[in-house]
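Residue-level structure breakdown
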Amino acid sequence: MAKSHCNNPLLGVNEHQQTNRPARATSNGDGAGDGGVVGSGMLGTYGAVSGEARQDRPAAVPPGAAQSLRSSDDAGNDRGAKGGRKEEPVWLTRQGNPAAQVPEKDKQAAEVRARWAWAEPTVWTDRMLDTLERGIKGGCWFSLIDKVMRMDVLRASWKKVAANKGAAGIDRRTVGDFSKREEEELTRLAHELKEGCYQPRAVRRVLIPKPGSAEKRPLGIPCVRDRVVQGALRLVLEPIFERAFAEQSYGFRPRRSAHDALRRVDGLLNDGHTWVVDADLKSYFDTIPHDKLLAKVREHVADGRVLALIESFLKQGVMNGAGEWEPSEGGTPQGGVLSPLLANLYLNGLDHEMARAGVEMVRYADDFVCLCKDEASARAALEKVAQWVAEAGLTLHPEKTRIVDLGQLGAGFDFLGYHFYRSKQGRMKGRLRRRPRIKSVQALKARLKPLMKRNNGRSLEAIIALLRPVMHGWFEYFRHSALPSLRQMDGWVRGRLRSMQRKRHGRRGRAHVRENVQWSNAFFDGLGLFSLEQAWYRRVRSHA
């Protein structure tokens, strides 16, 4: 592991005089540098949504589009910069009473700030946001490292890391350990970044189970100090990338959620886009080519020290369960603060490519579907996706990628935990419906079973109190499901509780009619058991 050599005032010694150090970036003084697109609000009524761009966010700018001629160094200041121009005072450029013009200017600034309210204000001043909306010369931002290394930016990043908590990295230092020496640790990080000798440590790899599957997913856990630096990078870079992101991308973006993506899919299906390309990228986060990803970053960022910092995180390596270090030859570790932003950036080209082709695509991180009105369009869309994916050095999963005709009874596809299907029986025959996919149901059961073991020593009331937040959280996500699927899950939970009660009363086997009467639905309601069915009816009545 590389050892950091800095003239660190915290250590009180000159560890090693580093040579050939990169030149320090010059700060803009007032924070004017450069920077991205707000998304939608939270999901309301689950229904059709227009495909037009939302009006509460700036329009996304595809790569190659015309940009403003202002550079990052002359962003909002009147000093001018190399290759830039000086802005004239208001009293020289406006006619009439200057004082009467100020309120209008303030109003415009307030509107810009409102559109970018999620952007970190310690980084993104009003001047920088104005430059962001106007565009930057060549589409690239310079002099960003001075913002990453600032103490107020590192402190803002640390607050987010502390709020998220999370496990320790390979140094075994927890969030609590870092907080005890917060000021000292942040000062050390600022110094190392300023001196150009910061080196991230390897991430700790853990394997976590995939919901509803026997497979396990690798998760990379960076050290707390590295999460702080990654967070600072994200605070600076996210608005820059966000401005270029396409409308049909929803994953890990400000003011956007999985429900927004689901609502868009539902609207397209009801509009007749029932031929669905259900695509799956094989091990996407682990296979992103580093060179091509860095090339995408360079399209927006020209600060060499920021680029080097990003590359160091991509190549920091992994410490496996056996304590052995493994090089990072590709991908961006799931679990890193910066990983979702970089993963979105890499697939942004696919988003714009499909939009230019007129294909209705909805993407959430690496999970996406293309919705078409006929089979020929669906096959053409799949061919275009396959071509782009191959050129990007990625792979479509051959078994999980398919075309679905949702016009057929019983046909369906999974997306973001839901199963969209055409009902083939009952009163709703032929209707498009939604329910939790099988893996989502299995994942919930796996969480609930340990709480309802037949030899559980807790009281029934205590067990129900433990079940309530889990079931309530699950309902909040799957509240747009067809009622029968929720009613079925309620029945499963009550059946497990009755079997537990039966054992406690000295009876063997599963609960039968006798137990259904003795411990009725009303009995469990009286104890406060959360009912998915009742919550569904309450939601329907509230929207009536």
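What counts as what
Residues numbered from 1 in each chain as written. Predicted model: local features only at pLDDT ≥ 70, side-chain atom pairs only at ≥ 80, totals over all residues. Heavy atoms only, no water. Helix = DSSP H or I, 4+ residues; strand = E, 2+ residues; numbered from the N terminus. Polar contact = N/O pair within 3.5 Å; in protein donor to acceptor, adjacent residues only side chain to side chain. Core = buried A, V, L, I, M, F, W, Y, C linked by side-chain atoms within 4.5 Å. Buried < 20%, exposed > 50% of the residue type's maximum accessible area, 1.4 Å probe, protein only. Contact = heavy atoms within 4.5 Å. Axes fitted to C-alpha atoms, helices over the stretch in contact; angles between N-to-C directions. Parallel < 35°, antiparallel > 145°, perpendicular 65-115°, else oblique. Left-handed = near helix turned anticlockwise from the far one by under 90°. Nonpolar A, V, L, I, M, F, W, Y, C, P; charged D, E, K, R; others polar. Disulfide = S-S within 2.5 Å. Salt bridge = Lys/Arg side-chain N within 4 Å of Asp/Glu carboxyl O. Pairing = 2+ DSSP bridges. pLDDT = per-residue confidence, 0-100. Phe/Tyr/Trp six-rings, centres within 6.5 Å; stacked < 30°, edge-to-face > 60°. Lys NZ or Arg CZ within 6 Å of the ring centre and 35° of its normal. 1 Å grid on protein atoms, 1.4 Å probe; cavity = no way out; pocket = protein on both sides within 12 Å on 5 of 7 lines; lining within 4 Å. Points joined across faces, edges and corners; volume = space filled by probe spheres on them.

Points about the environment of D126
Within the secondary structure layout, D126 lies in helix 3 (residues 126-134). Put simply, D126 and A110 are 16 residues apart on the chain and 8.6 Å apart in space, counted from C-alpha to C-alpha. A polar atom in the side chain of D126 sits 3.2 Å from the side chain of R113.

Quick look at the nonpolar core
Counting 76 residues, the largest nonpolar core has W124, L233, L237, F241, Y284, L309 and I310 as the members making the most contacts within it. Here the element with the most residues in this core is helix 8 (residues 224-244); it accounts for 10 residues. Leaving out residues up to four positions away in the same chain, L237 has contacts with L144, V301, V306, I310 and L341. Counting 46 residues, the second-largest nonpolar core is a separate cluster that includes A261, V369, L371 and Y418.

A few points about the packing of helix 8 against helix 12 (residues 304-314)
Interaxial distance between helix 8 and helix 12 falls to 12 Å at its minimum, and their mutual angle equals 135 degrees. The angle between the axes of helix 8 and helix 12 places the two elements in the oblique class. The crossing of helix 8 and helix 12 is left-handed. Where helix 8 abuts helix 12, its residues D226, V229, Q230, L233 and L237 lie against V306, L309, I310 and F313. Of the residues assigned to the contact of helix 8 with helix 12, the class counts are seven nonpolar, one polar and one charged.

What about unusual backbone geometry?
Of note in this structure, R255 is not a glycine but carries a positive phi near 60 degrees. Its place among the elements puts R255 in the loop between helix 8 and helix 9 (258-270). Residue class for R255 comes out partly exposed when judged on its relative accessible area of 37%. Unlike most non-glycine residues, A365 shows phi in positive territory, near 60 degrees. Assignment of secondary structure puts A365 in the loop between strand 8 (360-364) and strand 9 (367-372).

Observations concerning the state of the cysteines
All chains considered together, the criterion is met by zero disulfides. Cysteine C372 remains unbridged, with the sulfur of C370 as its closest cysteine sulfur at 6.4 Å. What makes C372 buried here is its relative accessible area of 5%.

With respect to the pattern of salt bridges
A side chain of one charge can pair with a side chain of the opposite charge if their charged atoms are brought near each other. Taken as a whole and assessed by the stated rule, the structure comprises 26 salt bridges. Here D126 and R113 are joined by a salt bridge, their closest N and O atoms 3.2 Å apart. Of this pair, D126 sits in helix 3 while R113 is found in helix 2 (residues 98-115), placing the two residues 13 residues apart along the sequence. Taking relative accessible area as the criterion, D126 reaches 43% and is therefore assigned partly exposed.

Overview of the sheet that holds strand 9
Sheet strands pair via backbone hydrogen bonds, and the direction of the pair is either parallel or antiparallel. In space, the four strands of this open sheet follow the order 8-9-5-10, with antiparallel pairing throughout. Unpaired on one side and paired on the other, strand 8 and strand 10 (402-405) mark the two borders of the sheet. Taking the axes of each pair of neighbouring strands and ignoring which way they run, one obtains an average angle of 20 degrees across the sheet. For strand 8 and strand 9, the ladder comprises five bridges, and the chain directions are antiparallel.

With respect to the packing of helix 8 against helix 13 (residues 339-356)
Helix 13 packs onto helix 8 with a crossing angle of 10 degrees between their chain directions and a minimal axis gap of 11 Å. With respect to helix 13, the axis of helix 8 lies roughly parallel. Contacts between helix 8 and helix 13 pair R234, L237, E238, F241 and A244 from the former with P340, L341, L345, N348 and H352 from the latter. For the contact of helix 8 with helix 13, the class distribution of residues is six nonpolar, two polar and two charged.

Focus on the confidence of the model for the chain
Chain-level statistics for the chain give a pLDDT mean of 83 and a share of 80% at 70 or above. Overall, residues 8-96 carries pLDDT values under 50, and its contacts beyond four positions in sequence, including any with other chains, amount to 213 contacts.

Things to note about the packing of aromatic side chains
Scanning the model with the defined rule gives 16 aromatic pairs in all. An angle of 75 degrees between the planes, with centres 5.3 Å apart, marks the rings of F523 and F524 as edge-to-face. By way of ring pairs, the aromatic residues F413, Y418, F420, W474, Y477 and F478 are connected into one cluster. Taking NZ or CZ as reference, R256 lies 4.8 Å from the ring centre of Y250, over its face. Geometry around Y421 places R435 over its ring, the cationic atom sitting 5.4 Å from the centre.

Re the side chain of K147
Tracing the sequence through the fold places K147 in helix 4 (residues 145-148). Taking the relative accessible area as the measure of exposure, K147 reaches 0% and is therefore buried. A polar contact of 3.4 Å, which involves the side chain of K147, links it to the side chain of D146.

Focus on the layout of surface pockets
Its volume calculated, the second largest pocket comes out at about 1000 Å³. Lining the second largest pocket are 39 residues, and of these Y421, R433, A482, L483 and P484 lie nearest its centre. Of all the elements in the fold, those that place two or more residues in the lining of the second largest pocket are helix 9, strand 12 (418-422), strand 13 (432-436), helix 15 (438-448), helix 17 (483-504) and helix 20 (532-542). Here the lining of the second largest pocket takes seven residues from helix 17, the largest share from any one element. Taken together, the residues of the lining of the second largest pocket break down into 15 nonpolar, 12 polar and 12 charged.

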